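Chain and residue survey
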Amino acid sequence: MKILVVIAVVLSTGLFFITPKASAHGKVSSGGTVDAQMKKLHAMMPMFSIASAELETALEKGDSAAALVQAEKIKAAVPDLKKSKPHKNVKQRKKFVDIAISFDEAITSTVNLIKKDDIAGAKTAFKKVEEVCATCHAKFRD
Ligand code: HEC
């Protein structure tokens, strides 16, 4: 079990940091017109990454107060996530919104379980959140 958690953490946080960002940045800066929806998404993702790592640590420590702060931070960004737009597969907007809806459900359930002080349940729910991060990236991130 422990090993699986470690693998999940490495995959979910590690991979995000080694993402090639050049193409996304290039389009934004060289295109002249900055698409506000794309910019929003681009600004949101590093926060997701940091908040996820801190949430994971808090859950490991059984610190539900700290976990709740991070989970609420992620949840608060969901309305913007639903409105935002990826650079890749831009036309598959419905799919993007569908994934954002699954993301919403998973993070909402994480928040609710933390509020009930169900750390084990919250860990499982948060794994689902991270799976949705990966699903969306597989489809919409370069
Ligand atoms: C609904 C789709 C979607 C979800 C869900 C999602 N991401 Fe992303 N993420 C993207 C896209 C698209 C990009 C590429 C950014 C861009 O095009 O500006 C990205 C990029 C990133 C980056 C690289 C930084 C950047 O701006 O390029 C990180 C880090 C990241 N995501 C972390 C996360 C984490 C952690 C989660 C889950 C807690 C998550 N993302 C959930 C779509 C998503």
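Overview of the structure. Small disclaimer: the values here were computed from a predicted structure and weren't measured.

The expected angle between donors at a tetrahedral four-coordinate metal is 109.5 degrees. At an octahedral six-coordinate metal it is 90 or 180 degrees. Bound to the iron atom of the ligand on the protein side are M45 (SD) and H137 (NE2), at distances that span 2.0 to 2.2 Å. Around the iron atom of the ligand sit six donor atoms, and with donor-metal-donor angles ranging over 84 to 179° the site reads as octahedral. Separated by 92 residues along the polypeptide, M45 in helix 3 (residues 36–61) and H137 in helix 7 (residues 119–140) bring together distant segments of the chain. Using a relative accessible area of 27% as the deciding quantity, one classes M45 as partly exposed. Overall, the relative accessible area of 16% leaves H137 in the buried class.

Here we come to the pattern of salt bridges. Between side chains of opposite charge, a pair can form when the charged atoms approach closely. As enumerated under the stated definition, the model contains six salt bridges in all. Two residues, K83 and D80, come together in a salt bridge whose shortest N-O distance is 3.8 Å. Within this pair, K83 and its partner D80 are both found in helix 5 (residues 78–83), separated by three residues, close to a single helical turn. Residue K83 is classed as partly exposed on the basis of its relative accessible area of 48%. By relative accessible area, which is 28% here, D80 ends up partly exposed. Sharing partners across several salt bridges, the network here consists of K40, D80 and K83.

Over its 23 residues, helix 6 (residues 93–115) extends 33 Å from the first C-alpha to the last, a length consistent with the 33 Å expected when each residue adds 1.5 Å. Residues F96, I99, A100, F103, D104, A106, I107, T110, V111, L113 and I114 constitute the buried set of helix 6. Buried-residue contacts for helix 6 involve helix 3, helix 4 (64–76), helix 5 and helix 7. Looking at the residues trailing helix 6, positive phi occurs at D117, about 65°.

Take T108: it is sitting in helix 6. Within the structure, the side chain of T108 is placed 2.7 Å from the backbone oxygen of D104, a separation counted as a polar contact.

This next bit is on the packing of aromatic side chains. Under the definition given, this model contains two aromatic pairs. For the ring pair F48 and F103, a centre distance of 5.3 Å and an interplane angle of 25° mean the geometry is stacked. Pair noted here: F48 is in helix 3 and F103 is in helix 6, with a separation of 55 residues, a long-range link. Judged on exposure class, the residue F48 and its partner F103 are both buried. With centroids separated by 5.1 Å and ring planes inclined at 90°, the aromatic side chains of F96 and F140 adopt a geometry described as edge-to-face.

Definitions and cut-offs
Residues numbered from 1 in each chain as written. Predicted model: local features only at pLDDT ≥ 70, side-chain atom pairs only at ≥ 80, totals over all residues. Heavy atoms only, no water. Donors = N, O, S within 2.8 Å, 3.2 Å for Na, K, Ca; no water. Tetrahedral: all angles 85-135°; square planar, octahedral: opposite > 155°, others 65-115°. Helix = DSSP H or I, 4+ residues; strand = E, 2+ residues; numbered from the N terminus. Buried < 20%, exposed > 50% of the residue type's maximum accessible area, 1.4 Å probe, protein only. Salt bridge = Lys/Arg side-chain N within 4 Å of Asp/Glu carboxyl O. Expected span 1.5 Å × (residues − 1). Contact = heavy atoms within 4.5 Å. Polar contact = N/O pair within 3.5 Å; in protein donor to acceptor, adjacent residues only side chain to side chain. Phe/Tyr/Trp six-rings, centres within 6.5 Å; stacked < 30°, edge-to-face > 60°.

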